[in-house]
Amino acid sequence: MDIELLLENSQETRIEGGLMDRLAECWAAWMPHLHAKRIAVGKDSYLAVWLDKEVEDQVDDIWEDAPSEAYMFNALAQTMCMSAIYDLLPEVAEAGCAPAPRPTLDLKMALESEGLRSEDEENPALALCRRYAVATYYPFRGGCDICDLSKECPKLKSGDGSYSVVLPATSRLKAVSPFKTGALWEGLRTGSAAGLISA
């Protein structure tokens, strides 16, 4: 678990010991629900990383039971996706963002075949049906300059690199999350990694 990234995502400076234990338990329990897949669409290739709906349901339950701690579990799920992306595409960590590809019909159909249908067919943006999901270019092609969401990006609009995140308790919308394990990279390269990643 990347504690530094978790702290950054949660905008916290420390985590109480009991909460950290519960977060570590969820990290281990959620790991089998983390998926990373290389998606080929014609001559282009993309990386999709997502957590199953079971994780979303557990986070929603935590919002009901312990709202004062729930944002940390939301941040944990985001951190899992981001850690996978950073491991598979280190350039994303350097750029500070995983640029969203233009949502062509072929890309939407390829993602749908993996169970990642577009949430809003009328919306031209690539809003996936999983709350904790990200699709980006593979291999890395650049940052904000090629991102389909750059015009609406809160990070770019703020001008100082900071931005806020809408949490599930305040909005039940399924949002695209801007999302270090060596096995992930090896799995993408070889198409294995114990079923976590497939090519």
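Conventions used here
Residues numbered from 1 in each chain as written. Predicted model: local features only at pLDDT ≥ 70, side-chain atom pairs only at ≥ 80, totals over all residues. Heavy atoms only, no water. Helix = DSSP H or I, 4+ residues; strand = E, 2+ residues; numbered from the N terminus. Areas by Shrake-Rupley, 256 points an atom, 1.4 Å probe, with all protein chains shown as cover. pLDDT = per-residue confidence, 0-100. Contact = heavy atoms within 4.5 Å. Axes fitted to C-alpha atoms, helices over the stretch in contact; angles between N-to-C directions. Parallel < 35°, antiparallel > 145°, perpendicular 65-115°, else oblique. Left-handed = near helix turned anticlockwise from the far one by under 90°. Nonpolar A, V, L, I, M, F, W, Y, C, P; charged D, E, K, R; others polar. Core = buried A, V, L, I, M, F, W, Y, C linked by side-chain atoms within 4.5 Å. Buried < 20%, exposed > 50% of the residue type's maximum accessible area, 1.4 Å probe, protein only. Pairing = 2+ DSSP bridges.

Secondary structure summary: the protein contains 8 helices and 4 strands in total. The N-to-C order of helical and strand elements in the protein reads α-α-β-β-α-α-α-α-β-α-α-β. Of the roughly 10200 Å² of accessible surface on the protein, 52% is carried by carbon and sulfur atoms.

Our next topic: the confidence of the model for the protein. Averaged over the protein, the pLDDT score is 75; the fraction of residues at 70 or greater is 70%. Within the model, pLDDT remains below 50 along residues 162–199, and this stretch shows 83 contacts once partners closer than five positions in the same chain are excluded.

With omega at 0 degrees, the peptide bond leading from Y138 into P139 counts as cis. In this model, Q11 sits at a positive phi of 60 degrees, which is unusual for a non-glycine residue. Among the structural elements, Q11 can be located in the loop between α1 (3–10) and α2 (17–30).

With that settled, the discussion passes to the packing of helix α3 (residues 53–65) against helix α4 (residues 67–88). Look at α3 against α4: their axes get within 7 Å of each other, and the N-to-C directions meet at 160 degrees. What the angle tells us is that α3 and α4 run roughly antiparallel. Both α3 and α4 take part in a crossing whose hand is left-handed. Residues V55, V59, I62, W63, E64 and D65 of α3 lie in contact with α4, whose contacting residues are P67, A70, Y71, F73, N74 and A77. When grouped by side-chain class, the residues that make up the contact of α3 with α4 number 9 nonpolar, 1 polar and 2 charged.

What follows covers the environment of L107. The topology assignment puts L107 in helix α6 (residues 105–112). Residues L107 and Y46 lie 61 residues apart in sequence; the distance between their C-alpha atoms is 8.7 Å.

Next up on the list: the nonpolar core. Burial of nonpolar side chains together is a common tendency in soluble globular proteins. Ranked by size, the top nonpolar core spans 38 residues in total, and within it I15, L23, W30, V49, L51 and I85 carry the most contacts. Every element with two or more residues in this core is listed here: α1, α2, β1 (34–41), β2 (44–51), α3 and α4. When residues in this core are grouped by element, the largest group, 13 residues, is from α4. If we skip the residues at most four places from it in the chain, W30 touches L51, V55, Q58, V59, F73, L76, A77 and M80. Listed in part, the 12 residues of the second largest apolar core include I39, V41, A133 and Y137.

Looking now at the packing of α2 against α4. Where α2 contacts α4, the axes come no closer than 11 Å and their chain directions differ by 40 degrees. Comparing the axis directions of α2 and α4 gives the class oblique. Our pair here, α2 against α4, has a crossing hand that is right-handed. Across from L19, R22, L23, C26, W27 and W30 in α2, the residues of α4 making contact are E69, M72, F73, L76, A77, T79, M80 and S83. Partitioning the contact of α2 with α4 into residue classes produces 10 nonpolar, 2 polar and 2 charged.

Attention shifts here to the pairing of β1. Note that β1 and β2 share 8 bridges and pair antiparallel. Note on β2: the bridge partner recorded for I39 is Y46. What sits between the antiparallel neighbours β1 and β2 is a turn of 2 residues, in which G42 has the positive phi angle 60 degrees.

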